[in-house]
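Listed below, chain by chain, are the residues.
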Amino acid sequence: MLRIFTALFFTGASLVVQGSSPHAQHSLEVSLTPETGEILIEDQVLLSGRDQYRFQLAPWLRVEGFQIDGRDSDLQRQAQDYFVQLPDGNPHKLGFILRGVVPQRDIKQEYPQQALSSSGSDGVYLPGSANWIPLDWHLRASYRVTVTVPPGQLAVATGKLVSEQNSEQGYRAIFETVQSSEIPALFAGPYQMRERLRPGLRLRTYFHDELDALSEPYLDMAEIYIQRYAASIGTYPYADFHVISAPLAVGLGFPNLTYVGRQVIPLPFMRTRSLAHEVLHNWWGNGISVDYASGNWAEGLTTYLADYALAAEAGKETAEAMRVKWLRDYAALPAERDQAITAFKSKQHQASQVVGYNKVAFVFHMLANEIGRPAFDQGLRQFWARHQRTRASWRDLQLAFEQTSGRDLDWFFVQWLQRSGAPRVSLGAHSVEQLEAGFVTRIEILQNVTGYRFQLPLLLATENGNQRHAITILDSLTRAEFVTADKPHFIQLDPESDIFRRLQKNETPPILRDVTLDPNTVTMIGSPGDDFIRSAGELASRLLDSKPRFGDLDAEQWTGQSLLLITTHQRLNKQLERLRLQRPPGLPDIAHSSAVWITTRADGATVLVVSVVDSDDLKSLLRPLPHYGGQSYILFEAGHALARGVWPLTRAALYRDL
Ligand SMILES: [Zn+2]
């Protein structure tokens, strides 16, 4: 479940109106009946500077009336495209009356396209991209949306809430958006609304009944995130922020609101990481919209400053683990599916997330290291101050960072943005020479993909402590020399994984998939009892990609073979001994009922261990566990994941004993 939902988090900021003038003012009156989906839209458009007007309409809407300057007129139509030639003179007032039925949600269609609108008694969703407003894309526009829904329902649109009334006739509210690059989106449902007012800011939740108790925690977190990002970037650019519960399994960001599936809202990661991400999109992606011609910088920047920053707050190790996971995912990406960052527009599939979110976030991490955190933070503030309420490109970001760092960063942006792929680094020959005064260590660093330039961190451990260095890598071969008073122990390149690079085969940390995707995996059931054996067999079938093959615990017999061991905590230690394995030292020390972890044996084969209290725990893993294929370990309590992670990189490729 986790994977599917996180895969659906993307910003709604994809439709951007071209140009800066001329300008149109839309004044919309919308009457909506969620239960039936019936909708009546009256739109008065005041415009100047155009001699024609073009727009598209959703196929479920029909034009019931059309006037130019108060006189009934005709529209030319071709399928969903409408066109009208305007008389001479300016300005003009166009009047539209549209009527239709918003399509009922198909319950079977669980993961709808973002562009689809839908209705139902539990909620209506009308994104701007659904063409429910007759707007001309050539015009920059302002919108005033007045919406009315029957009693028991509430409606909310993007934009500033200007006024609202709740009466026996129903609920009516007015929203305003001035000179927006985003088309209004409209939402309605049988919501409980909770509100918190702060100077210049109105926070609201529109939740379905069963979620009412979660309103306060959501308002708390939304307020914290808005304050945090306002302090670090610049003033929050809207008057309101809403969290709206969706009958759909989605998590979508819009200007000044986020629309989140009602089943997702109770999940712990939603209120923390995902909410932070969506709040931050009010600056990156909505406050400044993306100039898509040179690629989408907003997802990666938001990932870096929300998801990654939260990980970094939890500790250096957590941040490093996130970088390692990004590298691990990138290593698994086939070269033909790789693309340059400038080619990333929006998330279509997992592969584009690896580049458009993770690699971009990693590039920002390297940039902050390259120019220093103060210049980086100042660059973001400058970028925000200069481009808010407009559209900006990668180039604009580059210019901001160049100004605040006082450096030419063209080489940096060209190599990381315009090239697909990543550097490959390895250690070549080394030598240690003992002199009277100490030791000279010489190493060769090989760059197997040429043309990248970066500062490679290096750790040199001696008998009396560690030294840290940064080596400038420019060529395919770099020689470095270190003089130490004490005898050197070992050397490690990029010890904290700060450089985006393609991992070598022998350094990618094992993850569950290494065993679950291997057709030759042998499953061992380490505890007797019919119920345990049956549940273990069922779990193996769920986990493994191929039909399970069962075998006996015998270390010699299974040399070089992937193994899945399903056993109880009680029997685990003895069985690990027989397999010559140890419980990994990196497993978090927290109480749990089930532990799932993967490790590598001396012969290089991977072993996946599932250890539980009893067969009930096995049953509780049936549903969640298959979603954690990208992890190295997960600890569960009664089927609820408490902790998970990817093991640190093995030291093999960039590590050398001296
Ligand atoms: Zn996003």
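Just so you know, these numbers come straight off a predicted model, no measurement behind them. (Residues numbered from 1 in each chain as written. Predicted model: local features only at pLDDT ≥ 70, side-chain atom pairs only at ≥ 80, totals over all residues. Heavy atoms only, no water.)

1. Quick word on the overall build of the protein
Stated precisely, the cut-off is as follows: The secondary structure listing takes helices from DSSP runs of H or I that are at least 4 residues long and strands from runs of E that are at least 2 residues long, numbered from the N terminus. Remark: exposure states derive from per-residue accessible area (1.4 Å probe, protein chains only) relative to the maximum for the residue type, with buried under 20%, exposed over 50%, and partly exposed in between. All accessible-area figures derive from a Shrake-Rupley calculation using a 1.4 Å probe, and residue coverage is judged against the displayed protein chains alone.
When helices and strands are counted, the protein shows 13 helices and 36 strands. Its C-alpha atoms give the protein principal-axis dimensions of roughly 95 × 65 × 45 Å. Counting over 658 residues, the protein shows a buried share of 55%. Here the protein displays about 28,100 Å² of accessible surface, and carbon together with sulfur accounts for 48% of that area.

2. Regarding the environment of Gly529
By the element assignment, Gly529 lies in the loop between strand 29 (522-525) and helix 11 (530-543). Exposure remark for Gly529: the relative accessible area of 37% places this residue in the partly exposed category. Along the sequence, Gly529 and Asp589 sit 60 residues apart, while their C-alpha atoms lie 29 Å from each other.

3. Notes on the pairing of strand 24 (residues 439-447)
Taken residue by residue, a regular strand's side chains alternate between the two faces of the sheet. This is how it is decided: Two strands are counted as paired when DSSP detects at least two bridges linking them.
Sheet topology note: the strand 23 (residues 425-434)/strand 24 ladder contains 8 bridges and is antiparallel. Residue pairing in the sheet places Gln434 in a bridge with Phe439 of strand 24. Linking strand 23 back to strand 24 in an antiparallel pair, the connection comprises 4 residues, with Gly438 at a positive phi of about 160 degrees. In terms of strand pairing, strand 24 meets strand 27 (residues 477-484) through 8 bridges, oriented antiparallel. Its bridge partner lying in strand 27, Phe439 is registered against Thr484.

4. Some thoughts on the coordination of the zinc ion
To be explicit about the condition: Donor atoms (N, O, S) are those found within 2.8 Å of the metal centre, with the cutoff raised to 3.2 Å for Na, K and Ca; water is not part of the atom list, so apparent gaps in a site can occur. Working rule for geometry: tetrahedral if four donors all subtend angles between 85 and 135 degrees; square planar for four, octahedral for six, if opposite donors exceed 155 degrees and the others stay between 65 and 115; irregular in every other situation.
Looking at the zinc ion, one finds its protein donor set to be His277 (NE2), His281 (NE2), Glu299 (OE) and Glu299 (OE), positioned 2.1 to 2.7 Å from the metal centre. Considering all 4 donor atoms around the zinc ion, the spread of angles at the metal, 51 to 154 degrees, places the coordination shape in the irregular class. All donors to the zinc ion come from one chain, and their sequence spacing reads H-x3-H-x17-E. Side by side, His277 and His281 carry an identical accessibility label, which is buried.

5. A look at the packing of aromatic side chains
The test is simple: A pair of Phe, Tyr and Trp rings is counted when the ring centres sit within 6.5 Å of each other, with Trp represented by its six-membered ring. The angle between the planes then sorts it: under 30 degrees is stacked, over 60 is edge-to-face, the rest tilted.
Using the criterion set out here, one finds 40 aromatic pairs in the structure. Aromatic side chains Trp297 and Phe383 sit 5.2 Å apart centroid to centroid with 85 degrees between the ring planes, which places their arrangement in the edge-to-face category. Residue Trp297 is found in the loop between strand 21 (289-290) and helix 4 (298-314), and its partner Phe383 is found in helix 7 (residues 373-387); the two are separated by 86 residues along the sequence. For the pair shown, Trp297 and Phe383 are each scored as buried. When the centroid spacing of 5.6 Å and the interplanar angle of 70 degrees are considered together, the rings of Phe412 and Phe413 count as edge-to-face. In this structure Phe413 comes out as buried when scored by relative accessible area, which is 3%.

6. Section: the sheet that holds strand 27
Where we set the bar: Axes here refer to lines fitted to C-alpha atoms; in helices the fit is confined to the stretch in contact. Angles between the N-to-C directions go from 0 to 180 degrees.
Overall, antiparallel pairing links the 3 strands, which are arranged 23-24-27 in an open sheet. Among the strands making up the open sheet, the edge pair consists of strand 23 and strand 27. For this sheet the average axis-to-axis angle between neighbouring strands, irrespective of direction, equals 15 degrees.

7. Structural notes on the sheet that holds strand 8 (residues 81-85)
Paired through backbone hydrogen bonds, the strands of a sheet run either parallel or antiparallel to each other. Pairing within the open sheet is antiparallel, and its 3 strands lie in the order 4-8-7. The open sheet has two free edges, formed respectively by strand 4 (52-56) and strand 7 (76-78), since each of these has just one partner strand. For this sheet, the mean inter-axis angle between neighbouring strands, taken without regard to orientation, is 15 degrees. Examined bridge by bridge, strand 4 and strand 8 share 5 bridges and lie antiparallel to one another. The residue of strand 8 that forms the bridge with Tyr53 is Val84.

8. Considerations on the packing of helix 7 against helix 8 (residues 394-405)
A pair of packed helices can be characterised by two numbers: the angle between their axes and the separation between those axes. Note the threshold: Note on terminology: angles under 35 degrees are roughly parallel, angles over 145 are roughly antiparallel, angles of 65 to 115 are roughly perpendicular, and the others are oblique. For any helix crossing, the convention is left-handed if the near helix is rotated counterclockwise from the far helix by under a right angle, and right-handed if that rotation is clockwise. The contact criterion used throughout is that any non-hydrogen atoms of two residues lie within 4.5 Å. Lys, Arg, Asp and Glu make up the charged group, whereas Ala, Val, Leu, Ile, Met, Phe, Trp, Tyr, Cys and Pro make up the nonpolar group; the residues left over, Gly among them, are polar.
Where helix 7 meets helix 8, the closest approach of the two axes is 8 Å, and the angle between their N-to-C directions is 130 degrees. By the criterion of interaxial angle, the relationship of helix 7 to helix 8 is oblique. As helix 7 runs across helix 8, the sense of the crossing is right-handed. Note on element contacts: helix 8 touches helix 7 through Asp396, Leu397, Ala400, Phe401, Gln403, Thr404 and Ser405, opposite Ala375, Phe376, Gln378, Gly379, Leu380, Gln382, Phe383, Arg386 and His387. In the contact of helix 7 with helix 8, the residues fall into 7 nonpolar, 7 polar and 2 charged.

9. Concerning the environment of Thr450
Residue position: Thr450 is located in the loop between strand 24 and strand 25 (454-462). Sequence separation of Thr450 and Leu474 is 24 residues, and the distance between their C-alpha atoms is 8.3 Å. Aside from chain neighbours lying at most four places away, what touches Thr450 is Arg419 and Ser476.

10. Comments concerning the nonpolar core
In summary, soluble globular proteins display a tendency toward joint burial of nonpolar side chains. Defined as follows: Nine residue types can take part in a nonpolar core, namely buried Ala, Val, Leu, Ile, Met, Phe, Trp, Tyr and Cys, and a core is a set of them joined through side-chain atoms within 4.5 Å.
Grouped together as the largest cluster of nonpolar side chains are 99 residues, with contacts concentrated most on Trp283, Trp284, Trp297, Phe364, Phe376 and Phe401. For this core, the leading source of residues is helix 6 (residues 350-371), giving 12 residues. Residues within four places of Trp284 in sequence aside, it is in contact with Ile233, Trp297, Ala298, Leu301, Thr302, Leu305, Leu380, Phe383 and Trp384. In this structure, Leu86, Val145, Val149 and Leu154 belong to the second largest nonpolar core, which totals 59 residues.

11. A few points about the confidence of the model for the protein
Stated formally: Looking at any residue, its pLDDT shows the predictor's confidence there, from 0 to 100.
Considering every residue of the protein, the mean pLDDT works out to 90; 94% of them sit at 70 or more. Contacts of residues 1-20 to residues separated by more than four positions or lying in other chains number 70 contacts, the stretch itself having pLDDT below 50. Below a pLDDT of 50 lies the segment residues 107-115, which in the model reaches 18 contacts outside its immediate sequence neighbourhood of four places, other chains included.

12. Some thoughts on the domain arrangement of the protein
Where we set the bar: Segmentation of the chain into domains, including their bounds, is taken from an automatic or database domain assignment. Reported buried area values correspond to the accessible surface (1.4 Å probe) lost by two parts on association, with both partners' losses combined. When a carboxyl oxygen of Asp or Glu is within 4 Å of a side-chain nitrogen of Lys or Arg, the pair counts as a salt bridge. Here a polar contact is recorded for every N or O atom pair within 3.5 Å, except that within protein the pair must consist of a potential hydrogen donor and a potential acceptor, and residues adjacent in sequence are included only if both atoms are side-chain atoms.
When the domains of the protein are assigned, the result is domain 1 (2-280), domain 2 (289-418), domain 3 (425-502) and domain 4 (512-645). Between the C-alpha centres of domain 1 and domain 4 there is a distance of 47 Å. With 4 residues of domain 1 at the interface, the matching set in domain 4 holds 6 residues. Interface of domain 1 and domain 4: buried area, both sides summed, is about 410 Å²; carbon and sulfur atoms make up 49% of it. Summed over the shared surface of domain 1 and domain 4, the number is 0 salt bridges. Linking domain 1 with domain 4 are 0 residue pairs in polar contact (both at pLDDT 80 or more), by the criterion used here. Put simply, the parts of the chain that give the side of domain 1 that touches domain 4 at least two residues each are helix 1 (2-7) and helix 3 (268-280). Per-class residue counts for the side of domain 1 that touches domain 4 are 2 nonpolar, no polar and 2 charged.

13. Here we look at the pattern of salt bridges
Inspection of every chain in the model, using the stated rule, returns 33 salt bridges. Ionic pairing is found between Arg323 and Asp498, a salt bridge with its closest N-O pair at 3.4 Å. In this pair, Arg323 is assigned in helix 5 (residues 316-331) and Asp498 in the loop between strand 28 (488-493) and helix 10 (512-516), connecting sequence segments 175 residues apart. Given a relative accessible area of 15%, Asp498 falls into the buried group. The partner of Arg442 in a salt bridge is Glu433, with the nearest N and O atoms 2.9 Å apart. Salt bridges sharing partners connect three or more residues here, namely Glu164, Glu195, Arg202, Arg204 and Asp240.

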